[in-house]
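Residue-level listing of the chains:
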Amino acid sequence: SVRLPDGLTNLSAYTFSNDVTVSFYKEINHVYYLGNESNDHLYCFGTTNEEEINIAEGCEGLTNSSFALSNMTISLTLPSSLKIIGDDALKNCESIKSIVIPENVTNIGNCAFQNCYELASVNIPNKIEVINESVFEKCRALETIVIHNSVKEIKDAAFYECSNLALVDMSNVDHFITGGMDMFTGCANLTIKVKEELLAQYKNDPNWKNYNFIINQ
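Here the structure is a predicted model, which means the values were calculated and not measured. (Residues numbered from 1 in each chain as written. Predicted model: local features only at pLDDT ≥ 70, side-chain atom pairs only at ≥ 80, totals over all residues. Heavy atoms only, no water.)

Below, the discussion takes up the overall build of the protein. Within the protein, the secondary structure is distributed over one helix and 17 strands. Put simply, the protein has 217 residues, and 46% of those count as buried. (Helix = DSSP H or I, 4+ residues; strand = E, 2+ residues; numbered from the N terminus. Buried < 20%, exposed > 50% of the residue type's maximum accessible area, 1.4 Å probe, protein only.)

What follows deals with the confidence of the model for the protein. For the protein, mean pLDDT is 87; residues scoring 70 or higher make up 87% of the total. Note that residues 3–11 has pLDDT below 50 and, in this model, 12 contacts with residues that lie over four places away or in other chains. (pLDDT = per-residue confidence, 0-100. Contact = heavy atoms within 4.5 Å.)

Our next topic: the nonpolar core. Ranked by size, the top nonpolar core spans 55 residues in total, and within it Ile 55, Ile 85, Phe 113, Phe 159, Phe 184 and Trp 208 carry the most contacts. Those residues in contact with Ile 85, other than ones at most four positions away along the chain, are Leu 62, Leu 78, Ile 101, Val 105, Asn 107, Ile 108, Gly 109, Ala 112 and Phe 113. (Core = buried A, V, L, I, M, F, W, Y, C linked by side-chain atoms within 4.5 Å.)

Taking burial as the measure, the five residues of strand S2 (residues 31–35) include four buried ones, the bulk of the element. Across three bridges, S2 lies against strand S3 (residues 43–45) in antiparallel orientation. In the sheet register, Tyr 33 faces S3, and the bridge partner there is Cys 44. (Pairing = 2+ DSSP bridges.)

With that settled, the discussion passes to the side chain of Asp 169. Residue placement: Asp 169 occurs in strand S14 (residues 167–169). Here Asp 169 sits buried without a salt bridge, and the closest side chain of opposite charge, Lys 193, lies 4.8 Å off (N-O distance). Only 2.5 Å separates the side chain of Asp 169 from the side chain of Ser 171, close enough to count as a polar contact. Every residue in contact with Asp 169, bar those within four places of it in the chain, is listed here: Ile 145, Val 146, Ile 147 and Lys 193. (Lys, Arg positive; Asp, Glu negative; His and termini not counted. Salt bridge = Lys/Arg side-chain N within 4 Å of Asp/Glu carboxyl O. Polar contact = N/O pair within 3.5 Å; in protein donor to acceptor, adjacent residues only side chain to side chain.)

The next thing to look at is the sheet that holds strand S13 (residues 153–154). The strands that make up a sheet pair up through hydrogen bonds in the backbone, lying either parallel or antiparallel. With parallel pairing, three strands are arranged side by side in an open sheet as S11-S13-S15. Of all strands in the sheet, those bounded by a partner on one side alone are strand S11 (130–131) and strand S15 (178–179). Relative to S13, S11 runs parallel, the two sharing two bridges. For Ile 131, the partnering residue across the bridge sits in S13 and is Ile 154.

The structure is reproduced here in structure tokens:
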């Protein structure tokens, strides 16, 4: 059985994944954890508005909407054990200014950082293959993003209206990245850096051709 706190309205599909039997629940510093016999804090979520949130080491996933609307939170520390950031996980966390996503993360869900208006610094780990829909939409303080060679696709509106985004560095990517609609719409001053041998392919693709490119020297 699982004991859940009063007022809980959302859990991620990841929380009860097929390979995990959830049997433990606990709370640490206003963050709620679910787990099993081998790890009693596999997944976490919270309704906290603390200025600083520290996720315990051993946690592997932020559930869907896990900290959405924590709009007073300025700092969020994620453990190296983290693998999944669920849909809407930090949506509308308007005060977060920077975040380091651990390199073990393999999936960042749709809209995970949408409307994090003050987010000026964030990394995309080199195990990410898909940058999901609206994941950084309206992160208006972002100026630079580095895309690693692991990325194969950027989905619709991933960086929509990131109005201060000036550089997307894809200079180390040695293959064409499939692009969705409106990936960078509203990024008026954006330049995208790519390898010279890929430039023509991007220029001829309907979802990429209208952006400003430079080649990696």
